[in-house]
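Working through the structure, step by step
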Amino acid sequence: MSELERLAAHHATALLRFERENREWFARSVPDRGDAYFAGFAERHAGLLAEQATGGCHFHVLVEADEAVIGRFNLVDVADGEAELGYRVAERAAGRGVATDGVRRVAALARQAYGLRRLTAETTLDNAGSLAVLRRTGFTPVGEVSLDGRSGLRLVRELTADD
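**Observations regarding the environment of Arg23**
Along the chain, the position of Arg23 falls in helix H2 (residues 23-27). The class of Arg23 is partly exposed, set by a relative accessible area of 25%. Separated by 15 residues in the primary sequence, Arg23 and Ala8 place their C-alpha atoms 22 Å from one another. Setting aside residues no more than four positions away along its own chain, Arg23 makes contact with Asp32, Gly34, Asp35 and Phe38.

**Some remarks on helix H4 (residues 41-53)**
Note that an α-helix has 3.6 residues per turn; residues three or four places apart therefore point the same way. Over its 13 residues, H4 runs 18 Å from end to end, which matches the ideal 18 Å to within 8%, given 1.5 Å per residue. For H4, every residue scored as buried is listed here: Phe41, His45, Leu48 and Gln52. For H4, the arc enclosing every buried residue in end-on projection is 60°, short of the 170-degree limit, so these residues lie on one face. Exposed residues pointing more than 90 degrees away from the buried face of H4 are listed as Ala42, Glu43 and Ala53. On its buried face, H4 sits against strand E1 (3-6), helix H1 (12-21), helix H3 (35-39), strand E2 (58-63) and strand E3 (69-79). Of the residues trailing H4, Gly55 is marked for its positive phi of about 85°.

**Here we look at the nonpolar core**
By size, the foremost hydrophobic cluster in this structure holds 41 residues, and its most contacted members are Leu75, Leu85, Leu119 and Phe139. Considering each element in turn, this core owes the most residues, six residues, to helix H5 (residues 98-112).

**Section: the layout of surface pockets**
Size it by volume and the largest pocket reaches roughly 1200 Å³. Around the largest pocket, the lining comprises 41 residues; the ones closest to its centre are Val30, Tyr87, Arg88, Asn127 and Ser130. Elements represented by at least two residues in the lining of the largest pocket include exactly H2, H4, E3, strand E4 (82-89), H5, strand E5 (118-124) and helix H6 (128-136). Among the elements that make up the lining of the largest pocket, the one with the highest residue count is E4 (six residues). Considered class by class, the residues forming the lining of the largest pocket number 19 nonpolar, eleven polar and eleven charged.

How each quantity is defined
Residues numbered from 1 in each chain as written. Predicted model: local features only at pLDDT ≥ 70, side-chain atom pairs only at ≥ 80, totals over all residues. Heavy atoms only, no water. Helix = DSSP H or I, 4+ residues; strand = E, 2+ residues; numbered from the N terminus. Buried < 20%, exposed > 50% of the residue type's maximum accessible area, 1.4 Å probe, protein only. Contact = heavy atoms within 4.5 Å. Expected span 1.5 Å × (residues − 1). Arc of directions from axis to C-beta. Core = buried A, V, L, I, M, F, W, Y, C linked by side-chain atoms within 4.5 Å. 1 Å grid on protein atoms, 1.4 Å probe; cavity = no way out; pocket = protein on both sides within 12 Å on 5 of 7 lines; lining within 4 Å. Points joined across faces, edges and corners; volume = space filled by probe spheres on them. Nonpolar A, V, L, I, M, F, W, Y, C, P; charged D, E, K, R; others polar.

Shape is all these values report; function is a separate question.
This is how it looks when you write it as structure tokens:
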């Protein structure tokens, strides 16, 4: 069973491995992070932890028993009871319900631990897997967006006491 954990300093090595191993997989549906991301990973990780400490975001990793990261589930731009959800799941975990489960878990945390009332998310129209996950987890489309020149949707989920 995997555990959803709040991002911490000790996740750095496993998180970097996750990003490297899945770089090509992620680039099929979202813009590549670029070589600079990997070259400056340690500084970037420290920066994320500092940002998280301010309460302006909440970063999470989905970790297997062997400490391998199989997913990231982030709540960013936290303000006024709302946040934007972003997530990515390892290729080897795709199609197994891992993303759906992770989104459900982070939505519950958003309501129960962080006091959020609403989540937003964006994805491209050609990312059928992400659209399916968001719809399965209660997100509804509220408008069209352009993501790096690709057509997409903005979706919203109201969080309730049941989350």
